[in-house]
Amino acid sequence: MMRSNVYSSSQKALHWLLFVLVLGLYGLTFGDSLFQRGDPYRDFAWWLHISFGLLLAALVVWRVVLRLINGAPELPASMTGIERILAKTGHVALYALLIVIPILGILLTWFRGDALSFFGLFTIPAPFQPDRSTAGLIKELHGLCANGILILAGLHAGAGLWHHFVRKDDVLTRMLPASSTLTR
Ligand code: HEM
Ligand code: HEM
């Protein structure tokens, strides 16, 4: 794997775009509490959830490929061993959730017997028979992982701010738009 001392501008753009998508997808699930059963807005919220969810899935693939090509900057030398382990484990877990959540979402859609629709541009029908009880289990897991990524991202954001305001190192700024010349 190549090592670079900065995140490329695509890596940074993807980081923040995925952040917005994760929050937005989570927000869309509140459609269930806002609208009554049978209200078309409720179905529309899930239609958007699946469409934007597929967009997220594609961007995650792109992000992982870039990570494998570009690598990531070294952590500051001032960080202790335990801090490095926490940072790296946290990042691996965030990547894992970014990959697992869409997979569960896609399986959930299919096990319920629905076709995946990407903003009405194309649909992918279920390649297997629907199964209600499996769908119920996957929904639980999908929801648990969604809560997990929010909690982890909250801790992760806290760590980023702590680096900036307490440690005063470059960890936060290197994920911000201005600081890169690597465009790939
Ligand atoms: C990071 C991205 C995502 C987040 C944060 C997220 C979050 C959630 C949450 C919190 C729920 C409610 C779970 C519950 O009620 O127990 C949910 C349900 C669901 N999600 Fe996602 N999701 C994401 C991505 C996806 C993707 C990629 C798909 C499919 C392509 C998808 C399909 C679904 C479906 C079909 C449901 C159940 C809808 C229903 O109950 O009627 N999700 N999601
Ligand atoms: C859903 C929300 C988020 C997810 C899934 C996420 C995910 C990730 C991942 C996987 C990395 C590791 C990058 C790599 O090594 O390739 C990373 C880095 C980073 N994230 Fe986030 N992030 C989220 C939100 C935030 C927020 C709100 C902040 C604001 C403080 C933030 C600040 C950073 C910083 C500063 C880095 C660079 C860390 C370093 O260079 O070692 N992230 N993020």
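The structure displayed is predicted, hence computed values, not measured ones.

Topic: the coordination of the iron atom of ligand 1
- Those donors, His49 (NE2) and His142 (NE2), are the protein atoms that reach the iron atom of ligand 1, and they lie 2.0 Å from it.
- Coordination at the iron atom of ligand 1 is octahedral: its 6 donor atoms span angles of 86 to 180° at the metal. With His49 in helix H3 (residues 40–70) and His142 in helix H5 (residues 132–167), the pair connects residues that are 93 residues apart, well separated along the chain.
- Note on His49: relative accessible area 14%, which makes it buried.
- Assessed through its relative accessible area of 15%, His142 is described here as buried.

Remarks on the site of ligand 1
- Near ligand 1, the surroundings consist of 21 residues, among which Thr29, His49, Arg112, Lys139 and His142 are the closest.
- Arg112 has a polar side-chain atom sitting 3.0 Å from an oxygen atom of ligand 1.
- At 3.2 Å, a side-chain N or O of Lys139 approaches an oxygen atom of ligand 1.
- Those elements that provide at least two residues to the shell around ligand 1 are helix H1 (9–28), H3, helix H4 (81–111) and H5.
- Its residues placed into classes, the shell around ligand 1 shows 12 nonpolar, 7 polar and 2 charged.

Side note on the coordination of the iron atom of ligand 2
- Within the protein, His15 (NE2) and His156 (NE2) serve as the donor atoms for the iron atom of ligand 2, at 1.9 to 2.0 Å.
- The site at the iron atom of ligand 2 holds 6 donor atoms, and with the angles between them running 85 to 179°, its shape is octahedral. A residue pair is termed long-range when its members are at least 10 positions apart, and His15 in helix H1 and His156 in helix H5 qualify at 141 residues.

As for the site of ligand 2
- As a matter of local geometry, ligand 2 sits amid 20 residues, with His15, Arg67, Tyr95, His156 and Arg174 nearest to it.
- Between ligand 2 and the protein, one listed contact pairs a nitrogen atom with a side-chain N or O atom of His15 at 2.8 Å.
- A distance of 2.7 Å is found between a nitrogen atom of ligand 2 and a side-chain nitrogen or oxygen belonging to His156.
- Mapped onto the shell around ligand 2, the elements with two or more residues apiece are H1, H3, H4 and H5.
- Across the shell around ligand 2, the residue classes tally to 14 nonpolar, 3 polar and 3 charged.

Comments concerning empty space enclosed by the protein
- Taken as a whole and assessed by the stated rule, the structure comprises 1 cavity of 30 Å³ or more.
- Taken as a whole, the largest cavity encloses approximately 30 Å³ of empty space.
- Along the walls of the largest cavity sit Tyr7, Gln11, His15, Arg63, Tyr95 and Met175, which together make up its complete lining.
- Its residues assigned to classes, the lining of the largest cavity shows 3 nonpolar, 2 polar and 1 charged.

Reading guide: rules and limits
Residues numbered from 1 in each chain as written. Chains lettered and ligands numbered in written order. Predicted model: local features only at pLDDT ≥ 70, side-chain atom pairs only at ≥ 80, totals over all residues. Heavy atoms only, no water. Donors = N, O, S within 2.8 Å, 3.2 Å for Na, K, Ca; no water. Tetrahedral: all angles 85-135°; square planar, octahedral: opposite > 155°, others 65-115°. Helix = DSSP H or I, 4+ residues; strand = E, 2+ residues; numbered from the N terminus. Buried < 20%, exposed > 50% of the residue type's maximum accessible area, 1.4 Å probe, protein only. Near = heavy atom within 4 Å. Polar contact = N/O pair within 3.5 Å; in protein donor to acceptor, adjacent residues only side chain to side chain. Nonpolar A, V, L, I, M, F, W, Y, C, P; charged D, E, K, R; others polar. 1 Å grid on protein atoms, 1.4 Å probe; cavity = no way out; pocket = protein on both sides within 12 Å on 5 of 7 lines; lining within 4 Å. Points joined across faces, edges and corners; volume = space filled by probe spheres on them.

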